[in-house]
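# Remarks on the overall topology
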Amino acid sequence: MKVERVSYDVMTPSAARGILEAIHWKPAIRWHVDRIHVLRPICFQSLRRNEVGAKASEANARSAMKRGTTEGLGILVDENRQQRAALVLVDVAYVIEAHFSMTDKAGPEDTPAKHISMFNRRAQQGQCFHRPCLGTREFAAEFELLGPDDPLPVYDPPLTERDRDFGWMLHDIDFARGNESRFFRAQMMDGVIEVPPSMRRRWCSDHSASAGTPLSSPGRAR
Amino acid sequence: MTILQALERHYHRLAERGEISSPGWSREKFGFCVVLSRDGEPVAMEDLRDLLGKKPVNREFTVPASFKRSGKRPPPFFLWDKTSYSLGVGAEGKGWKETPFQHGLFKEYHLNRLSREEDPGLLALVRFLQTWEPSAFRESCLKEIVPDANIMFRLDGDREYLHERAAARRLVEAGNDNETDQDQQVGWCLITGEQAPIEKLHPAIKGVAANNPPPGGGHSLVSFNLDAFTSLCKTQGANAPTSKGAAFRYGTTLNHLLTRGGPNRLPHPIGDATVVFWAEAGDDQADALFANWLGGDTADDDASETRKLREQMQAVASGKRISDVLPQIDPDTRFHVLGLSPNAARLSVRFWLSDTIDAFAHRLARHHEDLRIEPTPLNWGAAPSVNCLLVNTTALQRDFKNIPPLLAGEVMRAVLGGTRYPLSLLSAALIRLRAGDSPATGWHAAVIRAVLVRLKRRHSEFPEEGETPMSLKRDHDNVGYQLGRLFAVYELAQRAALGRVNATIRDKYFGAASATPASVFPLIVRGGQNHLAKVRKEKPGWASLIERELEEIHSHIEPAAPRSLPRSLSLQDQGEFAIGYYHQRAASLSNGKNENIDPKELEDLQGEGDEK
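Residues numbered from 1 in each chain as written. Chains lettered and ligands numbered in written order. Predicted model: local features only at pLDDT ≥ 70, side-chain atom pairs only at ≥ 80, totals over all residues. Heavy atoms only, no water.

## Examining the overall build of chain B
The number of helices and strands found in chain B is 20 helices and 17 strands. When each of the 612 residues of chain B is scored for burial, the buried share is 53%. Restricting the contact set of chain B to residue pairs at least 6 apart, pairs at least 24 apart contribute 68%. About 27,700 Å² of surface is accessible on chain B, with carbon and sulfur atoms providing 49% of the total. (Helix = DSSP H or I, 4+ residues; strand = E, 2+ residues; numbered from the N terminus. Buried < 20%, exposed > 50% of the residue type's maximum accessible area, 1.4 Å probe, protein only. Contact = heavy atoms within 4.5 Å. Areas by Shrake-Rupley, 256 points an atom, 1.4 Å probe, with all protein chains shown as cover.)

Given below as structure tokens:
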């Protein structure tokens, strides 16, 4: 329900991938989300926002580049306003388990060890290329690195309903094949949603699966 | 389980029960039927409307499916349509105008599609379309028809309507070949997870209460009407890929649930949200139960029903499973509640909750438990609906239209989700009190107490120590509460002294006293001394009772020295004030011997029983 947004019950694997990519991503690697731990009860809130009803036009941007001026490029908010309602998740916290694989674009200097240490260092220091978000940019996500031996963070109130079938959920967009959406059956067992590894094959064959990297992201969608 | 998936699953259940139209058909509202002779002459007009009520009401029939019309040549429906298509006359202001263009479309489409039919009924329609002139409408036997009503046809001497004839059914089930195969886009369906042709335009959802219903009749739940709503260069339905079959099923189900007056819909919208609910059960007993528990907009006249409902709720609230109270209901049945409200030409989901029936029952019972206040407010009934609560505590002039829509949605979610009530409910109720709603009815106090109680509770299930009391608790440790009591006692003194007056201290000072006690209470105390002096002369027994009560209250306030009266009260303490006031006001004072003041007698003196 794109115009009047309605969130899925939990974050989708593609959203988790977005967070990981915000921390570290290069064309040489591709992230795969293995598991999502849900840490808090699923709780919704509805809100309305004023948004803009138009997109920046590509043609206009091209002609503006040729002309060398930005005239006529802007979109005026008050002339093109759309009020959109949304049903959003609030008070969310997840642990993401993921790994990456090397892609065809990996050069000789790219090794899994290099990328995993880059990622770990950056995540530890809270660095990111852009502030990761859940849903839209207004809902910024915070993250921290969870070491291999660290216990799962505990939140209050804890997740009460631990088993649930979320039905079909967006797994990711297949960018190689006409931006087609892919879905998977999301089932939460004891608070964990397992992303089926079979989904991965559609993208590329794994070159080398590197170590899993738990990551927590206590994002607050407020 | 997302909304669409739950709806789609419900379709199969309804289909098993035979309660829903199959693909290619839909339920539409009709006003009239045109009776045709075998030669295609319109011989009579049949009024299909329900004429029992004040206004004639259109009735629903199952007919070949309608769809959303758009474009330069909006396609007509099959074997029925509104007058501008079927008869070539449409509404203009209060009169008629001829609509040759639309009628032309209707004619062309039907002459084409029925060209090879030999069924006498369909032939009659073909002949009718060949000979009918819209200009003849005014002189024909059809002139009583209301402009733009839906029209269907029937062959003279037949009992069934034209679209019900076997030949017509065959045609409908064979499907419409309007769309060429090139339009078909195959993709993954987000509802079923299968690969299937993707629906471009999602079905229109009708029956959601809206101030300005869209012209086509019905909003879309899933739609992409502007560029900014699409992503990755996709158009229309491809942004939310849904197979044609699944889209039909969820749309039909939702429309079925939204039927006005149906068992799956609350009779009044909550704020601006139309609420539907359904259980994943083979029968509709659970639906009926919830309609009963959630509904109840008016105080029930039937006392035994009211008592039964209250007993059921109390049993559930005390921890029993719903199946112990109502054995015919399976407590683990999944239950869904969906609140839809219109936003521009679209539908937005105001709230969506899905849980087991047992969980919902407990939350509802908990909600009513948290609302309880002693004495029971005026016209409370067994279990007032959310709407009823809101209209009495937050709406200007007690008009359903003035309920703040966003607040209504949030409250509903809190009730059904068992979470905290929004703080805006507290402030809304306080604003109404300050603006002059009577705090003596108890509705505001009940709502305020519910907000405060849940706010402090760490786990919504169990009552805690020190939470706002349900009935008068003299040693409740909250300055707002005690000030509220104090205020009520001074009002009592005034009433005892002067009887009925035009402007009581409540009318004058309630708002100010609850917000900024330090600046108002000295005035009240000074006035109170005069009243007490008079009471002492006339009814010395009463005076001593009142003074004793004042002393007792002051003993709770004093410790907040250096100044015993706070300069201002927080929103929550203002809430406590209203509750303390309500409790104290209803309390009867007695010294255990022969002196007592029963507030009910004084109530009559004031004639406040009339107030709702």
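After that view, the rundown keeps rolling.
## A closer look at the overall build of chain A
When its secondary structure is counted, chain A shows 3 helices and 10 strands. Along chain A, helices (α) and strands (β) appear in the sequence β-α-β-β-α-β-β-α-β-β-β-β-β when read from the amino end. Looking at the 222 residues of chain A, the share that counts as buried comes to 45%. A fraction of 77% describes how many contacts in chain A between residues 6 or more apart in sequence connect residues 24 or more apart. Surface exposure of chain A reaches about 11,500 Å², of which carbon and sulfur atoms provide 51%.

## Brief notes about helix H4 (residues 120-131) of chain B
Along an α-helix, residues three or four positions apart point the same way, because every turn accommodates 3.6 residues. Residue and element names in this part refer to chain B. Helix length check: H4 (12 residues) gives 16 Å between terminal C-alpha atoms against 16 Å at 1.5 Å per residue, within 8%. Listed as buried for H4 are Gly 121, Leu 122, Ala 124, Leu 125, Val 126, Phe 128 and Leu 129. Regarding H4, its N-cap is Asp 119, as a side-chain oxygen of that residue lies 3.1 Å from the backbone nitrogen of Gly 121 further along. (Expected span 1.5 Å × (residues − 1). Polar contact = N/O pair within 3.5 Å; in protein donor to acceptor, adjacent residues only side chain to side chain.)

## A word on the sheet that holds strand E3 (residues 44-52) of chain A
Taken together, the 3 strands give an open sheet; going across it, the order is E1-E4-E3 (chain A), and neighbouring strands pair in mixed fashion. Of all strands in the sheet, those bounded by a partner on one side alone are strand E1 (5-6) and E3 of chain A. The sheet contacts of helix H12 (residues 405-417) of chain B involve E3 and strand E4 (81-89) of chain A, and relative to E3 of chain A the element is tilted by about 155°. (Pairing = 2+ DSSP bridges. Axes fitted to C-alpha atoms, helices over the stretch in contact; angles between N-to-C directions.)

## Some remarks on the packing of aromatic side chains
Overall, the coordinates contain 19 aromatic pairs over all chains when judged by the stated rule. Plain terms: the ring middles of Phe 277 of chain B and Phe 335 of chain B are 6.1 Å apart, the flat faces sit at 25° to each other, and that makes the pair stacked. Here Phe 277 of chain B, found in strand E13 (residues 274-279), pairs with Phe 335 of chain B, found in strand E14 (residues 334-343); they are 58 residues apart in sequence, far enough to count as distant. With respect to class, Phe 277 of chain B is no different from Phe 335 of chain B; both count as buried. Considering the side-chain rings of Phe 487 of chain B and Phe 521 of chain B, the 6.3 Å spacing of their centres and the 80° angle between planes classify their relative orientation as edge-to-face. With Phe 487 of chain B in helix H15 (residues 479-498) and Phe 521 of chain B in helix H17 (residues 517-538), this pair connects stretches of sequence that are 34 residues apart. A network of ring pairs unites the aromatic residues Phe 30, Phe 61, Phe 77, Trp 80 and Tyr 161 of chain B as a single cluster. Over the ring of Phe 129 of chain A we find Arg 122 of chain A; its NZ or CZ atom is 4.0 Å from the centre of that ring. (Phe/Tyr/Trp six-rings, centres within 6.5 Å; stacked < 30°, edge-to-face > 60°. Lys NZ or Arg CZ within 6 Å of the ring centre and 35° of its normal.)

## Notes on the pattern of salt bridges
Residue and element names in this part refer to chain B. As enumerated under the stated definition, the model contains 37 salt bridges over all chains in all. One salt bridge in this structure joins Glu 8 and Arg 249, with 2.8 Å as the shortest N-O distance. In this pair, Glu 8 sits in helix H1 (residues 3-17) while Arg 249 sits in helix H6 (residues 244-257), placing the two residues 241 residues apart along the sequence. Note on accessibility: Glu 8 and Arg 249 belong to one class, buried. For the salt bridge of Asp 47 with Arg 49, the shortest nitrogen-to-oxygen distance reads 2.9 Å. (Salt bridge = Lys/Arg side-chain N within 4 Å of Asp/Glu carboxyl O.)

## As for the packing of H17 of chain B against helix H18 (residues 540-557) of chain B
Residue and element names in this part refer to chain B. Packing of H17 against H18 brings their axes to within 6 Å, and their N-to-C directions diverge by 140°. Classified by the angle their axes make, H17 and H18 are oblique. Across the interface between the two elements, Leu 532, Val 535, Arg 536, Lys 537 and Glu 538 from H17 touch Pro 540, Trp 542, Ala 543, Ile 546, Glu 547 and Leu 550 from H18. For the contact of H17 with H18, the per-class residue count stands at 7 nonpolar, no polar and 4 charged. (Parallel < 35°, antiparallel > 145°, perpendicular 65-115°, else oblique. Nonpolar A, V, L, I, M, F, W, Y, C, P; charged D, E, K, R; others polar.)

## With respect to the sheet that holds strand E3 (residues 42-47) of chain B
Residue and element names in this part refer to chain B. Pairing is mixed in the open sheet, where 4 strands are placed in the order E3-E2-E8-E5. Only two strands of the sheet have a single partner each, and these edge strands are E3 and strand E5 (80-82). When strand polarity is set aside, the average angle formed by the axes of neighbouring strands in this sheet is 30°. Here 5 bridges tie strand E2 (residues 32-36) to strand E8 (residues 150-155), and the two strands are oriented parallel to one another. When the bridges of E8 are listed, Cys 33 appears paired with Met 152. Running at roughly 125° to E8, H4 makes contact with E2, E3 and E8 of the sheet.

## Focus on the interface of chain A and chain B
The interface of chain A with chain B comprises 36 residues on the first partner and 43 residues on the second. Summed over both partners, the interface of chain A with chain B buries about 3,400 Å², with 53% contributed by carbon and sulfur atoms. Our count for the contact surface shared by chain A and chain B stands at 0 salt bridges. Linking chain A with chain B are 4 residue pairs in polar contact (both at pLDDT 80 or more). Elements supplying a minimum of two residues to the side of chain A that touches chain B: E3, E4, strand E7 (164-174) and strand E8 (180-189) of chain A. Classifying every residue of the side of chain A that touches chain B gives 14 nonpolar, 9 polar and 13 charged. (Buried area = accessible area lost by both parts, 1.4 Å probe.)

## Focus: the pairing of strand E6 (residues 89-92) of chain B
Two faces, one strand: in a regular strand the side chains alternate between the faces of the sheet. With 4 bridges joining them, E6 of chain B and strand E7 (residues 95-98) of chain B adopt antiparallel strand pairing. Within E7 of chain B, the position partnered with Ala 91 of chain B by the bridge is Trp 96 of chain B.

## Details of the environment of Ile 448 of chain B
All names here are of chain B. One can find Ile 448 in helix H14 (residues 443-456). For Ile 448, a relative accessible area of 0% translates into the label buried. Placed 216 residues apart in sequence, Ile 448 and Leu 232 show a C-alpha to C-alpha distance of 48 Å. Look past the residues within four positions of Ile 448 in its chain and what remains in contact with it is Leu 426, Ala 429, Leu 430, Leu 433, Gly 575, Ala 578 and Ile 579.

## Examining the packing of H14 of chain B against helix H19 (residues 571-586) of chain B
All names here are of chain B. Between H14 and H19, the shortest axis-to-axis distance is 9 Å and the interhelical angle comes to 130°. Viewed along their axes, H14 and H19 adopt a mutual orientation that is oblique. When you trace H14 past H19, the crossing you get is left-handed. Packed against H14, whose contacting residues are Ala 445, Ile 448, Arg 449, Leu 452, Leu 455 and Lys 456, the element H19 presents Gln 572, Gly 575, Glu 576, Ala 578, Ile 579 and Tyr 582 at the interface. For the contact of H14 with H19, the class distribution of residues is 7 nonpolar, 2 polar and 3 charged. (Left-handed = near helix turned anticlockwise from the far one by under 90°.)

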